[in-house]
Amino acid sequence: MIRVLVADDHAAVRAGLVLILEGAPDMDVVGEAGDGRSAVEMAVRLRPDVVLMDVRMPLLDGISATRELAGVADVLILTTFDIDEYVFGALRAGAAGFLLKNTDADSLVAAVRLVAQGEGLISPSVTRKLIAAFAGAPAADPGALEALTPREHEVLAGLGRGLSNAEIARSLGIAEATAKTHVSRVLAKLGLRSRAQAAVYWSGL
C-alpha cells in the first residue's frame, strides 16, 4: 500500500482529496494536516511514502515544509496557483512533483503512484513555464551581481527560494511595498524579465 499524508488548510479540500485517494485500492491516507508545521511533524512521525502538499498554509508554508521533509518523504505539491515563484520554490525545495488542483481524480491518483515509485512529475502547463523561463533567462553573471546592494542580494536569494513579496518582507523585517521595490530593482539590474528568470539566475550561481 502507498501511504499518503494530505496537507491542506481547507478542510473541505482535504476531505475531497482523502476521498479520491482512499478510493484507490493501493492507497492508504495515514494522516491529514491543516498547516505546514503539523504536516512536517506528522510526516516525521508517520513516515508516509508521499505527502500531498498545498503551498499556501498557516504556520509554515508548503515550500518551507517541503524543504524540511527532505529525506523523510517524497512531496507532491498540489496547488491552485501555478505562479512562477511557487513552481521554482517547490522544485528547489526538493518536491518530486507539482500539480494544479484542476487535475482530475484519475490523474491525481496516477501522479501519487509515480511519485511513490521514485519518479518526478510536473503539470504540463508548469512544464511550459519552466521551459520558457530557462530559455529566456541569461546565464548567471558574477559581475552583474556586484551592482546589487547587500539587501538586494538577500531579496534575490528569496526569489531563488520561491518566496512571495510578502514572505520576503517577513523574512527581512521590511514592508511588503519595500520588498516589491527591491524585487523590481533586482530584476532591472540583472536584466531579467520575471521572477521565474530570477529564480533560474539564482540557481546558476
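Our structure's up above, just so we're on the same page.
Predicted model only: the values in this text are computed from it and were never measured.

### With respect to the sheet that holds strand 6 (residues 121–122)
Here is step 1 of the chain: The strand order 2-1-3-4-5-6 describes an open sheet built from six strands, whose pairing is parallel. Strands with a single pairing partner mark the edges of an open sheet, and in this sheet they are strand 2 (27–33) and strand 6.
Here is step 2 of the chain: Relative to strand 3 (residues 50–53), strand 1 (residues 2–7) is paired through four bridges, and the arrangement is parallel. Residue pairing in the sheet places Val4 in a bridge with Val50 of strand 3.
Here is step 3 of the chain: Sheet strands in contact with helix 1 (residues 11–22) are strand 1, strand 2, strand 3 and strand 4 (74–79), and its direction is about 165° off that of strand 2.
Here is step 4 of the chain: Contacts between helix 5 (residues 105–116) and the sheet are confined to strand 1, strand 2, strand 3, strand 4, strand 5 (97–100) and strand 6, with strand 4 contributing the most and set at about 155° to the helix.

### Describing the environment of Lys180
Here is step 1 of the chain: For Lys180, the location among the structural elements is in helix 10 (residues 176–190).
Here is step 2 of the chain: Taking C-alpha positions, Lys180 is 8.5 Å from Ala166, a pair spaced 14 residues apart along the chain.

### Brief notes about the nonpolar core
Here is step 1 of the chain: One finds Val51, Met53, Leu69 and Ile77 to be the most contacted residues of the largest nonpolar core, which totals 25 residues.
Here is step 2 of the chain: Looking at this core element by element, the count peaks at four residues for helix 2 (residues 36–46).
Here is step 3 of the chain: Membership of the second largest hydrophobic core comes to 21 residues, among which are Val50, Leu76, Ala96 and Val112.

The rules behind these values
- Residues numbered from 1 in each chain as written.
- Predicted model: local features only at pLDDT ≥ 70, side-chain atom pairs only at ≥ 80, totals over all residues.
- Heavy atoms only, no water.
- Pairing = 2+ DSSP bridges.
- Helix = DSSP H or I, 4+ residues; strand = E, 2+ residues; numbered from the N terminus.
- Contact = heavy atoms within 4.5 Å.
- Axes fitted to C-alpha atoms, helices over the stretch in contact; angles between N-to-C directions.
- Core = buried A, V, L, I, M, F, W, Y, C linked by side-chain atoms within 4.5 Å.
- Buried < 20%, exposed > 50% of the residue type's maximum accessible area, 1.4 Å probe, protein only.

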